[in-house]
Every structure is written in structure tokens, then in C-alpha cells.
Amino acid sequence: MARFRISNSLLLGTWCLWVYASSVFSQDNSPQTIDQREIKFTQGWVVSSGQGMQRGRSSLPTDPIEYAWIYDRLQMPDVDAQTSASADGLSPWKLIEADEQGGFGGRELFGGLLAVQVKVPESGIWLLDAQGHSSVRVDGTSRVGDVYSNGSVELPVSLKAGENWLLFSSGRGRITAKLKPANQAIYLSLRDTTFPSVLRDEPGEWLGALLVVNASDQPLDGLSITAKANDCESLVLEVPMIPPLSLRKVPIKLRTTSNSEKTLEANELNVSVELTRSATGDKLDQVEVKWPVRTSQQMHRRTFISQIDGSVQYYGVVPPKEGSLRSDRAPSMILTLHGAGVEGEGQAAVYSPKDNAYVIAPTNRRNYGFDWEDWGRWDGLEVFELARERFKTDPKRSYLTGHSMGGHGTWHIGTLFPDRFAAIGPSAGWVSFSSYAGRGGNIAQDPLSQLLRRAQGGSDTLARVENLKYQGVYILHGDADDNVPVDQARTMRQELAKFHPDWVYKEQAGAGHWWGNPCCDWPAMMDFFQAHEIPDSTRIDSIRFATPGPHLSPDCHWFTLGCQERIADLSTVQLDRDRQSQKITVKTSNIASWGIRLSKLLAPDTPLPVNLNLEIDTEALSVEGIEGLGQTVWFDKVTSEGSPTLWRQRKPSQKEQAQQEQGSIARDASQYGVFKEAFRNRFVLVYGTRGDPEENRWMLGKARYDAETFWYRGNGSVDCWSDTYFLALVQRDPESLSDRNVILYGNSTVNEAWGSLLARSPVQLQRGSWTRGGPEQIAESVSMLLVRPKSLDTQFKSRGLVAGIGGTDLAAMRASSRLPIFSSGTGYPDVLVLSPEYLKTGMDAVRWTGFFGTDWSVEHGEWLP
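Keep in mind the model is a prediction, meaning the values are calculated, not measured.

### So, the overall build of the protein chain
Piece 1. Check the secondary structure of the protein chain and you find 16 helices and 49 strands.
Piece 2. In terms of overall size, the protein chain behaves like a compact globule, its C-alpha atoms giving a radius of gyration of 28 Å where 865 residues would be expected to give roughly 29 Å.
Piece 3. The C-alpha extent of the protein chain, read off along each of the three principal axes, is 100 × 75 × 60 Å.
Piece 4. Sorting the 865 residues of the protein chain into buried and exposed places 58% on the buried side.
Piece 5. In the structure as shown, the protein chain presents an accessible area of about 33,700 Å², 47% of it carried by carbon and sulfur atoms.
Piece 6. In the protein chain, 89 positive and 103 negative side-chain charges are present, and the distance between their average locations comes to 1 Å.

### Some words on the nonpolar core
Piece 1. Ile360, Phe679, Leu685 and Phe726 are the most contacted members of the largest nonpolar core, which has 125 residues in total.
Piece 2. If one sorts the elements of this core by residue count, helix 4 (residues 374-391) sits on top with seven residues.
Piece 3. Look past the residues within four positions of Leu685 in its chain and what remains in contact with it is Phe679, Ala703, Asp706, Ala707, Val718, Asp719, Cys720, Trp721, Ile743 and Tyr745.
Piece 4. Grouped together as the second largest cluster of nonpolar side chains are 30 residues, Val212, Ile225, Ala229 and Val287 included.

### Focus: the pairing of strand 34 (residues 583-589)
Every other side chain in a regular strand lies on the same face of the sheet, so the side chains alternate between the two faces.
Piece 1. Alternating residues of strand 34 divide into Ile584, Val586 and Thr588, all buried, and Lys583, Thr585, Lys587 and Ser589, none buried.
Piece 2. Sheet topology note: the strand 33 (residues 571-578)/strand 34 ladder contains seven bridges and is antiparallel. Following the sheet pairing, Thr572 is matched in strand 34 by Ser589.
Piece 3. If you look at the hairpin formed by strand 33 and strand 34, you'll find four residues sitting between the two strands, and Gln582 has a positive phi there, around 55°.
Piece 4. Examined bridge by bridge, strand 34 and strand 36 (residues 612-616) share four bridges and lie parallel to one another. Considered in strand 36, the bridge of Thr585 is made with Glu615.

### Description of the sheet that holds strand 4 (residues 83-84)
Piece 1. Within the open sheet, the seven strands sit side by side as 4-5-3-7-12-9-10. Their pairing is antiparallel. The sheet terminates laterally at strand 4 and strand 10 (141-144), the two strands that pair on one side only.
Piece 2. Relative to strand 10, strand 9 (residues 133-138) is paired through four bridges, and the arrangement is antiparallel. Residue pairing for strand 10: Arg137 is matched across the bridge by Ser142.
Piece 3. Lying on the sheet, helix 11 (residues 693-714) is in contact with strand 9 and strand 10; it crosses strand 10 at an angle near 10°.

### Here we look at the sheet that holds strand 49 (residues 862-864)
Piece 1. On the basis of which strands lie adjacent, the open sheet formed by eight strands has the order 41-40-42-46-45-47-48-49 and mixed pairing. Since the sheet does not close on itself, it has two edges, and those belong to strand 41 (719-722) and strand 49, each with one partner. Neighbour to neighbour, the strand axes of the sheet diverge by 15° on average, direction disregarded.
Piece 2. As paired elements, strand 40 (residues 684-687) and strand 42 (residues 742-746) share four bridges and run parallel to each other. Within strand 42, the position partnered with Leu685 by the bridge is Ile743.

### Regarding the packing of aromatic side chains
Piece 1. In the structure shown here, the tally under the stated rule is 32 aromatic pairs.
Piece 2. Ring centres 6.3 Å apart and planes at 10° place the aromatic pair Tyr148 and Tyr712 in the stacked group. Remark: Tyr712 occurs in helix 11 and Tyr148 occurs in the loop between strand 10 and strand 11 (154-159); sequence separation between them is 564 residues.
Piece 3. According to the relative accessible area criterion, Tyr712 is buried, its value standing at 4%.
Piece 4. Relative to Phe529, the ring of Tyr399 lies with its centre 5.2 Å away and its plane at 0°, an arrangement referred to as stacked. In this pair, Tyr399 sits in strand 26 (residues 398-403) while Phe529 sits in helix 8 (residues 523-530), placing the two residues 130 residues apart along the sequence.
Piece 5. Judged by its relative accessible area of 0%, Phe529 is buried.
Piece 6. Through successive ring pairs, a cluster of aromatic residues spans Phe370, Trp375, Phe675, Phe679, Phe683, Phe710, Phe822 and Tyr828.
Piece 7. Lying across the ring of Tyr672, Arg667 places its NZ or CZ 5.3 Å from the centre.

### Notes on the pattern of salt bridges
Piece 1. Counted under the stated rule, the structure contains 54 salt bridges.
Piece 2. With a shortest N-O distance of 2.5 Å, Arg255 and Glu233 are connected by a salt bridge. Taken together, the positions of Arg255 in strand 19 (residues 246-256) and Glu233 in strand 18 (residues 233-239) put the pair 22 residues apart, joining distant regions of the chain.
Piece 3. Of the residues examined, Glu233 reaches a relative accessible area of 38% and is grouped as partly exposed.
Piece 4. In this structure, the salt-bridge partner of Glu507 is Arg490, at a minimum N-O distance of 2.7 Å. On the criterion of sequence distance, the pair formed by Glu507 in strand 29 (residues 503-508) and Arg490 in helix 7 (residues 487-496) is long-range, its members being 17 residues apart.
Piece 5. Accessibility expressed as a relative area gives 24% for Glu507, which makes it partly exposed.
Piece 6. In this structure Arg490 comes out as partly exposed when scored by relative accessible area, which is 34%.

### Here's the deal with unusual backbone geometry
Most peptide bonds adopt trans geometry, and most residues besides glycine take a negative phi value.
Piece 1. Cis peptide bonds are those with omega within 30 degrees of zero, and the linkage from Gly673 to Val674 qualifies with 0°.
Piece 2. Among the structural elements, Val674 can be located in the loop between helix 10 (652-662) and strand 40.
Piece 3. In this structure, the amide linkage connecting Leu864 to the following residue, Pro865, adopts the cis form with an omega of -10°.
Piece 4. Looking at where Pro865 falls in the secondary structure, it is placed in the segment after strand 49.
Piece 5. Of note, the phi angle at Asn364 is positive, near 65°, even though the residue is not glycine.
Piece 6. In this structure, Ser404 takes a positive phi of about 60° despite not being glycine.
Piece 7. Structurally, the position occupied by Ser404 is in the loop between strand 26 and helix 5 (405-416).

### Side note on the pairing of strand 12 (residues 162-170)
Piece 1. For strand 12, the buried fraction is high: seven of the nine residues fall into the buried class.
Piece 2. Both strand 7 (residues 112-120) and strand 12 contribute to a ladder of eight bridges, which runs antiparallel. Within strand 12, the residue paired with Val118 across the bridge is Asn164.
Piece 3. With five bridges joining them, strand 9 and strand 12 adopt antiparallel strand pairing.

### Describing helix 12 (residues 723-732)
Piece 1. Every buried residue of helix 12 is accounted for by Asp723, Phe726, Leu727, Leu729 and Val730. Take helix 12 and look down its axis: the buried residues cluster within an arc of 155°, on one side only. With respect to the buried face of helix 12, the exposed residues turned more than 90 degrees away are Gln731 and Arg732.
Piece 2. Looking at the buried positions of helix 12, the neighbouring elements they touch are strand 40, strand 41, strand 42 and helix 13 (752-757).

### Brief notes about the side chain of His500
Piece 1. Mapping His500 onto the fold places it in the loop between helix 7 and strand 29.
Piece 2. Judged by its relative accessible area of 8%, His500 is buried.
Piece 3. Among the polar contacts listed, one links the side chain of His500 to the backbone nitrogen of Asp502, at a separation of 2.9 Å.

### Observations regarding the environment of Ser581
Piece 1. Inspection of the secondary structure puts Ser581 in the loop between strand 33 and strand 34.
Piece 2. Along the chain, Ser581 and Asn613 lie 32 residues apart, while their C-alpha atoms are 8.8 Å from each other.

Calculation rules
Residues numbered from 1 in each chain as written. Predicted model: local features only at pLDDT ≥ 70, side-chain atom pairs only at ≥ 80, totals over all residues. Heavy atoms only, no water. Helix = DSSP H or I, 4+ residues; strand = E, 2+ residues; numbered from the N terminus. Rg over C-alpha atoms; globule rule 2.2 N^0.38 Å. Buried < 20%, exposed > 50% of the residue type's maximum accessible area, 1.4 Å probe, protein only. Areas by Shrake-Rupley, 256 points an atom, 1.4 Å probe, with all protein chains shown as cover. Lys, Arg positive; Asp, Glu negative; His and termini not counted. Charge placed at Lys NZ, Arg CZ, Asp CG, Glu CD. Core = buried A, V, L, I, M, F, W, Y, C linked by side-chain atoms within 4.5 Å. Contact = heavy atoms within 4.5 Å. Pairing = 2+ DSSP bridges. Axes fitted to C-alpha atoms, helices over the stretch in contact; angles between N-to-C directions. Phe/Tyr/Trp six-rings, centres within 6.5 Å; stacked < 30°, edge-to-face > 60°. Lys NZ or Arg CZ within 6 Å of the ring centre and 35° of its normal. Salt bridge = Lys/Arg side-chain N within 4 Å of Asp/Glu carboxyl O. Arc of directions from axis to C-beta. Polar contact = N/O pair within 3.5 Å; in protein donor to acceptor, adjacent residues only side chain to side chain.

By themselves these figures say nothing about function.
Laid out in C-alpha cells, this is it:
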């Protein structure tokens, strides 16, 4: 480490002399300036894609600049010219000067690329601090950007001796960038932290998180991190592996006890965080931080380990009004979702304490996050369950509300999970991407477009609007809202009026988008909530439920969805129970299997019936073998050629035996797909090391980029391992990977883990060719996204999914990088195979896509073209 610091010190001194000589003796217009601490860029070159700023969300974005780059056709600017050629079909590079504040702006940046050049006399590692860009390429490798300009991103990058080009993809307009030497190979950073409120009156363990930066060209492992504070117990945690030239947000923990009372009298707890080598105890870095100290009766934040990725997340808490908790009635919960640019703590701060009710504010993983869809939705539900358990709230009196983006989240989550909330209250909420400011993206109605769009069916609020029938709905919107137009609220008013018996519409005259705390903490809405309860499921005799699939929302009261006939297409069911005749009439659409949860159907004191009489799609069926209230009775649709479709009660042993004989497995909620659902269950990113140098560089770079992107957009902390490390761990400790999803990069030729985990997949990807359920090797350049159940194609017997991202050659691998996996409003089926030409032609480049069958086979699947 000493050599590392000396080397960079020499580098800085040499560089100062070199720049001075270049500027004075050559009289050139140097594109960078330097002081003793950092390099600042004063000029760059910009090329436009010709597409401008695209408002829509597209799963297959066209990008002519990216297309030129993946084939190495993008020429770098001529630094001696005002304009110079970029690539065929693209506008030329144009010189652009930084403004007085050191930033680059202008309409040319919208949808374009900014190139800046930096020259260094010898190779070394630097820290790139940039803002306003969606991503940056350094030496051809993509790194995460700071599109929201929050200042959290300082990335270690490797620069070679001589000329280096940094290519910034535009984000939200103005871009700033600077470089400084990496004076430590390993260090702690406070640019992004998640800390708890330490509660005086609740001794226990407290979780926080901060960044560990690996400014070296080797994976970082074998470190420990310790949080220390006076009169508190220090706890040592292992630092998970960090890829080369990257960073990771890691957990820290300490414990307060009865001995901590004196220290906790202050409003802040001074915490010292030490990073050490586990084997030797050598200290590598140390930082001092302050954690807020509160009582449980004050507004505070609570942290937890998320099961999505193992990261530390938090939620804000507004406790009930002092003295209002009742011994005879459990408190209610108001789950409130924040708008864009706000966080959970800020959202909680607008609420006054309520009588016998907790206000709980999750984070959507970040202040912009995922629009409360995808991982934002799962974060909200994870917090909902954690808070309900911690505060022992009444499950019948849970309410959902939110403002702006959180208002959309209220519509989105409320329609997906209608039996979890007694009432919902969207404020200034937009309905869906397709209705809000033209952001619908892919709205074509041809069969291929419709098939692709099914994977993002969760975004279609209106398709599920009738699910709200069993909830109270209070709509609040300002009629002068210039951010989310009031027509969004009026649309939902019009839809509810068709069928809903219990809703209130309040349009605040003269109010804009934000009109103070009342636009969230609206007294009439709070009163409306407290007047509603979720009826006991055993008293529900009629259920109408629509869902995009069991991977998103499988349950409604005593109904549960097992599998669909058309995967990820809308499924609907109508169930009516006649208590007098003890008969249940069922009408289904797009349902292959479903079940009745007896614990929800029958009251605890009800004698178990000998059988149940059903009529399913006009077919009479008598259910036998009822053993207890904990049982779910399943029904499967049986279809055979030349015979009518029949429903039958599932006999588990028979079904499992048939699956074993056929080498198949039925889809269920734990391993249903679709592609983006693989990025859950503490997923692991695995890059290949068996390719040529350029393939290996892409696989490591793509896995690291995805890990960094999920950190930036989702406050994530993801394991990112090589194939050799992963497979060694499988042999050494397979239980550590039980039920964890796995994401593979490359193809079966260059990633050994791909060949192992997807060995029996009917869809294969290898260098130079791919297959789709048959022996034919299709030799062409294609990118591929693929998801399969882990327990079917591998030696793993645990549940979960394995996904693949890659291509048949380097260009196709690079092209797969442009697919916006971590953007809400996008989605992908089980399989997507497309030519890199999609960057120019969009949908026309799709070679093959669709969904495996209900048994995960190709032959029973649904495919186009």
C-alpha cells in the first residue's frame, strides 16, 4: 500500500510538469486543467444520436451511437478541430466548452454522448467524480453514472499511460466531471450512508451501512468492519467480496445495552467505523460518523436487512399520538409512499401523530427508485410486513396512501394486493406510464409487441381497477397541478363510478402539485381510513380478482393462483359461494391451476366439511380428502387433444411423480419467471473467465456495472463473483446458496457456471450459435436474455431462478448491455433473442421471444416470431 501511495504521488508531480509544458510551450488549448488535488475538464466533444430526449419507457431502446460503438465504428474526436467525423449516419463531433462552473450543458447533450480526453504519463488508478450522466465508458468499459446529480458516485478507474477517452452518456442535462488520484487502494467512503435512529428506550442491535471502495485491480476479500461507540458493544462483520475497481455498500452493526444509558442522553451517538484485514487485524481505514438518538415515541428511522439482495434499508416511523395506544384494540397502520426526490424519512415528517395508528414510510429503495414498481414495490411490501410484525398492528386496519410518484404507487400496489389494505388514498397520483405525459413507450398492437408487453403487465393499473371494489378509495388532487395533470385523478374517478360503492373524490381548487403537508396528511382522508376495516376472509362470499400473474400477486382472500395458461397475461377469476347449498361457483380466464386456502375460507370454529361442491367453468366437481384448515386445495386444468377441457383436484403425489418422469417442473410463485424476477432472493451476479481477453473484460465489466447500477438506483449491495469462485463455493458450501437466484453473464462457452447451471436448458447460448429446443445450432450474432428454474436445470434442489445475459459474440454481448433491466416500466419475457440491429431497428431485430410452458418446456410454450 505504501508503494501505491508513492506511485500516485510521483504521478501527480510528473503530471503537473507535463501539463504546464503542454500549455506553455505547445500553446495548445488543453482539454483539462489540474491543481494539486484534481483534474478538471474544460472542454469536450459532443455527438447527438439524432433522437433527442426520449420520454417513453422502452424495453428495446434504439441507440445509433451505441450501435456504432459495439462494432468499433465510433471514431474519437479530432482534438485539433471544431468538428470531426464520428460514425456513418451520425452527426459529427462538435467541440463544447465547459461553463464557468465547470459543467457541460446544452440541447446537444440530450440523447447524445460527451467525450473528454485525459492524458497521463503513466498508468494508474484515479477516482472519477462526475454528475448528471446516466453512465460513462472508461477504456471501453461501462460504469454507473450519477444521473440525479446527488454526488454519491466516486468511482475508481484505471487510466493507461498517454491518451484516455471518457465517454459520458447524457442523463438529465448538465454533466460535470473531475479526476483525482486514488491515494488509498482500500478505503471507507461517506458519500452514501444508511444509518438508523438509535432509540434510548430500546436496547438492542442497530444496523447501518456505508461504502467500502476497492481502488485496486484485484477482487477485494478477507476484510472485516467494526462499529464502535462508548458504552456500546462492538460487533465485527465480514466485508463481502468487492470486484476490482468498484465499491460496495456494506453493513455495520453495534449493540446498545442498559450500560449505554449515559451515552445515549445526547441527541447523537458518535460511532467509529474501522476497516481491517481479517487475518492480521491490520487497520486499513477509519471514519467517524454520528447516528441520531431518539426515543420510540419520536419520529425515527428503522433499518433492516432486505431479502431482495441482503442490503441495509430503512423506513420512517411516526409513532401513535402519546397516550393513544389502546390495550383493547391493536393499532392500525398507514403505509405512506413518497414522491420522486423524497425519501421515507422526509415523507414521514409531513404527518402528525395519529390516535392508535403508526405511520410507516418505506423508501422505494431510493428517493427516485423504481416508481414503486419492480423492486420499489417489493421494498414497500417488505416494510409493510416488517412493521406489521414489529408494532403488532391490526391486519384488518392497514391503509395505503402516497403523493405524486407515491400516488401512482398507491394505485399500483393497491390494485395488485386488494385484500391487504382496508382503504387507499392516492394524492396527486398518476395512473400508469402509458397515461402519464406520454411515457408509455411501446404501445404498438401487433402480436410481437403485445407478447413483449405482457412481461410488464404489472404497470397496467386500469386492467385491475375492479380489484378496488373491496377497498375504500379516497382520491385527492389539486386542480392546478402542473406536474401530474388532474386528468389522471379524473380518469380514475370515471372508472370507479362504473362499479365502486365506496369512494370519495376531492379536487382541491387552485392547488398545484405540492400544497403543503395537507396534500399528504389530509384530515378527511385520515378519517376515511379509520372508518374502514378489511372484512374477515371467512365472511367473503364473492371474489372478483384480476392479476398479471402469481409472480406479482397470487392471492386474494381465500383464492390463490398457481399458474396461468398464457404466462404473464392478465388472469381473472370470479368466485361465488352459496352458503345455503354449500356450493362455490367459479369462472376463470387464463388460469391453468388455482387453489382454495381453507384457513381463509372457513372460520376456525367451523367443522371441517366432508367435501366441497364446486362448479368450475360449468363443470361440476366434488372435493374430497379435506384434512385441515392449513390445507390449500389445488385444481388443475387438464387439456388433451380431441377431448374437452376438464378441471380436476390435484393429487400431489401423482403430480410430483409425473414431473419426475417427464423431467419437468410446474411453475409456481417461487420460480415463475419472468426475466426481471430473477433479480430477487439475494441474487448473485456471476461473470465468466473462460473467454478471450475482450470477452472476459466485457463479462466482468457488465456484472460490475449491474452491481453498481443496482446500488445507485436501488441502494443495493449485490454479490458479484467470478465463475470459478462461484463453482468452488458450490462445492464447498452449497447451503450458502440455497434459494438464492443466480445471474450469469456471457454464454456457456466462456462462463463455466453457465454450462453448469443451465446444462439441461432447452434454450442454449454458446460462442457463435444458439439453440431453441432442438438439435439445430443457429449460427448468427444474437444477444440473449434467459430465465429458468434453478432446481430443474442444475444439481441444486433448492428453489429459485437462474438467468443468463449474453451473446454469441462480443458485439452481441455488448448490445445486451443497452437493455434497461433496472428501469421501471420495462419488462422481458422468459427468453429474448435479438440481433444487435435492434439498436437501429428496434422490434424488427427480435429473432425469437416468448414464454416457456407451464412445465417450463419449449414445446408447450408461446413463441414469436
